[in-house]
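Structural features, examined
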Amino acid sequence: MKLREFAKQLGLSPTTVSRALSGYPEVSEATRARVASEARRLGYRPDINAVRLKTGRAGAIGVMMGRSGEIHFAEFVSGMAQRLETADTDILITPITAHNDDDEIQAYRRLVESRRVDAVIIHSPRPRDPRIEMLNSLGVPFLVHGRSETEHVHAWLDIDNEGAVRRSTEHLLDLGHRRIAMINGLRGKTYSIHREQGFRLAHQERGLTADPNLMVCDKFSDESGFRHARSFLERANAPTAIVAGSTMTALGVYRAVRSLGMTVGQDVSVIAHDDVFPYLTAENMVPSLSTTRSSMRTAGTRCAELTLQLIAGRAADEVHELWPVELILRESTAPPPDGSTSRRGQDPSVL
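Residues numbered from 1 in each chain as written. Predicted model: local features only at pLDDT ≥ 70, side-chain atom pairs only at ≥ 80, totals over all residues. Heavy atoms only, no water.

Scanning the chain from terminus to terminus reveals twelve helices and twelve strands. Projected onto its principal axes, the C-alpha coordinates of the chain cover approximately 75 × 45 × 40 Å. The buried share of the chain, taken over its 351 residues, is 52%. Taking as baseline every contact in the chain between residues at least 6 positions apart, the subset at least 24 positions apart corresponds to 69%. Just so you have it, the chain exposes about 16,000 Å², and 49% of that area is on carbon and sulfur atoms. One way to put it: in the chain the 44 positive side-chain charges average out to a point 3 Å from where the 44 negative ones average out. (Helix = DSSP H or I, 4+ residues; strand = E, 2+ residues; numbered from the N terminus. Buried < 20%, exposed > 50% of the residue type's maximum accessible area, 1.4 Å probe, protein only. Contact = heavy atoms within 4.5 Å. Areas by Shrake-Rupley, 256 points an atom, 1.4 Å probe, with all protein chains shown as cover. Lys, Arg positive; Asp, Glu negative; His and termini not counted. Charge placed at Lys NZ, Arg CZ, Asp CG, Glu CD.)

See below:
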């Protein structure tokens, strides 16, 4: 089916249909969704070679995959795929094993200068991220999944990380907890800085000071959650609650609590941020896990949509989205045990 025939069936002009499929911002969301739905139903796909010859575009969005965070990355890319399925745009995934900023910058530069992508999505930015400066200098459209404090203009989509941890910590403080530990994400990333700010602010508003000895930064994993939680809980004055950076981290916290003969939700309260994984659901953990919640897959879908709009000419300074995070309370959080001390079992073996 040719473009003109497809457009006639929809009662739209060929130009409108073409722009809807290409992500042009002047096309309404309702029209874009209708065109995409009908394209799937009728099996319409534009001639890619003709489109690329006409526009000079590569027909791909580039993303870098680092050595950690593969689970989160997979969910994000799955969300991108949902949007790009009908946009005739591929995802070019480039593995990156950079050990310093210069290596990482060069990896992005090579990707852009290869002309294999029309735009790039950056993950886990830092407050003054050199990747943003470099991509601006190359004039390539790019979107930041997260935020940066750099003076260079950049399009971004982020969740309210400060508000998420602030609400989690406030909930624990309202329950009566005073020794609260935090297992944060990687040090130096903007999201980790914002989460620590939320953790500290929740304490400050009640005239309290967060204990720096109960705050650590690490990658989100079962192993790191277990190791740090175990270290906290083996101390003489152990915390009665733990804020975990992700459900993967919380999984390790649960193991650490059980390995010391304690019970989550009774001896130690646990709350985490949930990126909504289909294979690890907070409500199915035992006990069910209290969380702040925001879907990584949904973020991937929206980032793909916004990147298409940037490719189509939307100005970067118009694309700033901050998503609220919902708080969902379940069985893993409760008032601290009497005396605010944790019971220890006799068998310290790892479960």
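There is more to say after this.
A separate point is the sheet that holds strand β6 (residues 180-184). Spatial ordering of the open sheet is given by β7-β6-β8-β9-β10-β12, a layout of six strands whose pairing is mixed. Every other strand in the sheet has two partners, leaving β7 (215-217) and β12 (326-328) as the edge strands with one partner each. Between one strand axis and the next, the sheet turns through 15° on average, direction left out of account. Two strands pair when backbone bridges link them, and strand β8 (residues 241-244) and strand β9 (residues 269-274) are joined in this way by four bridges, in the parallel orientation. The residue bridging Ala241 from the neighbouring strand is Ser269, located in β9. (Pairing = 2+ DSSP bridges. Axes fitted to C-alpha atoms, helices over the stretch in contact; angles between N-to-C directions.)

Right, let's talk about unusual backbone geometry for a bit. For the peptide bond that leads from Val286 to Pro287, omega is -5°, which places it in the cis range. Tracing the backbone through its elements, the reader meets Pro287 in the loop between β9 and β10 (290-293). Notably, Ser124 is not glycine yet its phi reads approximately 45°, a positive angle. Relative to the elements of secondary structure, Ser124 occurs in the loop between β3 (119-123) and α7 (130-138). A positive phi angle is found at Val276, which is not glycine, with a value near 65°. Counting through the fold element by element, Val276 comes out in the loop between β9 and β10. For Val276, a relative accessible area of 22% puts it in the partly exposed group.

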